[in-house]
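# Examining the three-dimensional arrangement
The primary structure of each chain is shown beneath.
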Amino acid sequence: MYSGIIPIDMSNASRALFFIFQPTVGAPVDEITIWLNGGPGCSSLEGFLQENGLFQWSWGEYAPHINPYSWVNLTNVLWVEQPVGTGFSIGEVRATSEEDIAKDFVNFFVNFEKIFGIKKFKIFVTGESYAGRYVPYIAGEMIDRCDEELLDVGGALMYDPCIGEYVWEQQQAVIVPFVKEHNSVMGYNQTFMKKLDELDEPCGYREFRDQYMSFPPSGVQPHKYFNSTTDANCDLWGLSWAEAFHPNPCFNVYEIGLQCPILSDPLGYPSDLIYSYEGLPIYFNRTDVKTALHAPQEVSWFECAGPVFVGEGGPQDEGDSSLDPIQ
């Protein structure tokens, strides 16, 4: 296993991405699989330690163990903390678009290949969540450079990806029927449920669902974008998220059925509460771990940090000006 930081520009080490590279433990293969977590600003070391890496150390576990289903059984895997502003990666945040991020990543990746003497490998670009925006743009940048020796893209794979508009259409427009269906778990009181119901129609969500989210749809689904400033009064998803902590102070938006107590997490991120047990420091902030990984000691590691984009705005209100990949 190899890890450390590699500059985006080898003539200027001030901006660099942190990586962990695990060659396959199975039969050697001339391919490399890149894994990216999302956020934006969430570390791919989550994937390494709690999803597809050789070692598994998840919530409620006080020690790591071998992951029998790790991707390294079949392929060489590269986990990269990117863009700049994520995890241990260092330097000035400059990105305003996915095109900027893709150029930085591919420059880093070419440097990585040259350092490790990798040529003519098939490359698979994979990731989850907000990496649904990273993966297509990075794979596209590789293809556009027309370098089959260093950038021979073999495929792409995304889990639960943000490839289209996700705030207005996949959070706001569907939150009312979602919480109604699952309120036996969520535990909202009737006063709050009535408030949501009264906002559902004037905010346009009910009509949108009736027209475009029932079968057969009445036409091509339009591009609708949620502006956190001008649409603040219609932030029903945000209202529901905040209210969920009243009946369940240990609420986890990714696992709505979890109740207290919060499980221990070596990454300190078992929920939006950013919590780890006393005496159990965040694993990647331990001095000995940073030393072993050749990570910068001066960087305080967080699973999700940022910002990774300059400024604000863009179609998803993240400062990311690029079109949704589905467009």
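Conventions used here
Residues numbered from 1 in each chain as written. Predicted model: local features only at pLDDT ≥ 70, side-chain atom pairs only at ≥ 80, totals over all residues. Heavy atoms only, no water. Core = buried A, V, L, I, M, F, W, Y, C linked by side-chain atoms within 4.5 Å. Buried < 20%, exposed > 50% of the residue type's maximum accessible area, 1.4 Å probe, protein only. Helix = DSSP H or I, 4+ residues; strand = E, 2+ residues; numbered from the N terminus. Domains from an automatic or database assignment. Salt bridge = Lys/Arg side-chain N within 4 Å of Asp/Glu carboxyl O. Arc of directions from axis to C-beta. Contact = heavy atoms within 4.5 Å. Polar contact = N/O pair within 3.5 Å; in protein donor to acceptor, adjacent residues only side chain to side chain. Pairing = 2+ DSSP bridges. Phe/Tyr/Trp six-rings, centres within 6.5 Å; stacked < 30°, edge-to-face > 60°.

Under an unreviewed UniProt entry, the protein has the name Carboxypeptidase and belongs to Amniculicola lignicola CBS 123094.

So, about the nonpolar core. Generally speaking, nonpolar side chains in soluble globular proteins are found buried as a group. Residues Phe-105, Phe-109 and Met-142 are the most contacted members of the largest nonpolar core, which totals 57 residues. Of the residues forming this core, the biggest block, eight residues, is contributed by helix α2 (residues 98-116). There are two domains that each give this core at least three residues, and those are domain 1 (2-163) and domain 2 (165-261). Listed in part, the 20 residues of the second largest apolar core include Leu-49, Leu-54, Val-77 and Ile-282.

Taken as a whole and assessed by the stated rule, the structure comprises twelve salt bridges. Shared partners join several salt bridges into a network, and the residues in it are Lys-180, Asp-197, Asp-200, Glu-201, Arg-206 and Arg-209.

Along the chain, Gln-82 connects to Pro-83 via a cis peptide bond; the corresponding omega equals 0 degrees. In this fold, Pro-83 is placed in the loop between β6 (76-81) and α2. Cis rather than trans, the peptide bond between Phe-215 and Pro-216 has omega equal to -5 degrees. With respect to the helices, strands and loops of the structure, Pro-216 is situated in the loop between α8 (205-212) and α9 (236-243). In this model, Lys-120 sits at a positive phi of 60 degrees, which is unusual for a non-glycine residue. Looking at where Lys-120 falls in the secondary structure, it is placed in the loop between α2 and β7 (122-128). Even without being a glycine, Ser-129 presents a positive backbone phi close to 60 degrees. Secondary-structure assignment places Ser-129 in the loop between β7 and α3 (131-144).

Per the domain assignment, the segments of the protein are domain 1 (2-163) and domain 2 (165-261). Measuring from the centre of the C-alpha atoms in domain 1 to the corresponding centre in domain 2 gives 33 Å.

Let's shift gears to helix α7 (residues 190-200). Taken as a whole, α7 has its buried residues at Phe-192, Met-193, Leu-196 and Asp-200. Angularly, the buried residues of α7 cover 100 degrees about the axis, an arc narrow enough to put them on a single face. Across α7 from its buried face, at more than 90 degrees, point the exposed residues Gln-190, Thr-191, Lys-194 and Glu-198. Against the buried residues of α7 lie α5 (175-181), α6 (183-186), α8 and α9. Two to three positions downstream of the cap, the backbone nitrogen of Thr-191 sits 3.2 Å from a side-chain oxygen, assigning the N-cap of α7 to Asn-189.

A separate point is the environment of Leu-17. Structurally, Leu-17 is set in strand β2 (residues 12-22). Sequence-wise, Leu-17 and Glu-278 are 261 residues apart; in three dimensions their C-alpha atoms are separated by 30 Å. Non-local contacts of Leu-17, meaning those with residues more than four positions away in its chain, are made with Gly-4, Ile-5, Ile-6, Ile-8, Val-80, Glu-81, Gln-82, Pro-83, Val-84, Ser-89, Phe-105 and Phe-108.

We now examine the pairing of β6. Note on strand geometry: in a regular strand, side chains alternate between the two faces of the sheet. Burial runs high along β6: six of the six residues are buried. Burial along β6 is two-sided: the residues Asn-76, Leu-78 and Val-80 and Val-77, Trp-79 and Glu-81 are all buried. Here five bridges tie β2 to β6, and the two strands are oriented antiparallel to one another. Of the residues in β6, the one forming a bridge with Gln-22 is Val-77. Note: strand β3 (residues 31-36) against β6, four bridges, orientation parallel.

The next point concerns the packing of aromatic side chains. All told, the structure shown has 25 aromatic pairs when counted by the stated rule. Residues Tyr-283 and Phe-284 carry aromatic rings whose centres are separated by 5.2 Å and whose planes lie at 70 degrees to one another, so their mutual orientation is edge-to-face. Classification of Tyr-283 as partly exposed rests on a relative accessible area of 22%. Taken together, the ring pairs in this structure connect Tyr-2, Phe-19, Phe-21, Phe-105, Phe-108, Phe-109, Phe-112 and Phe-116 into an aromatic cluster.

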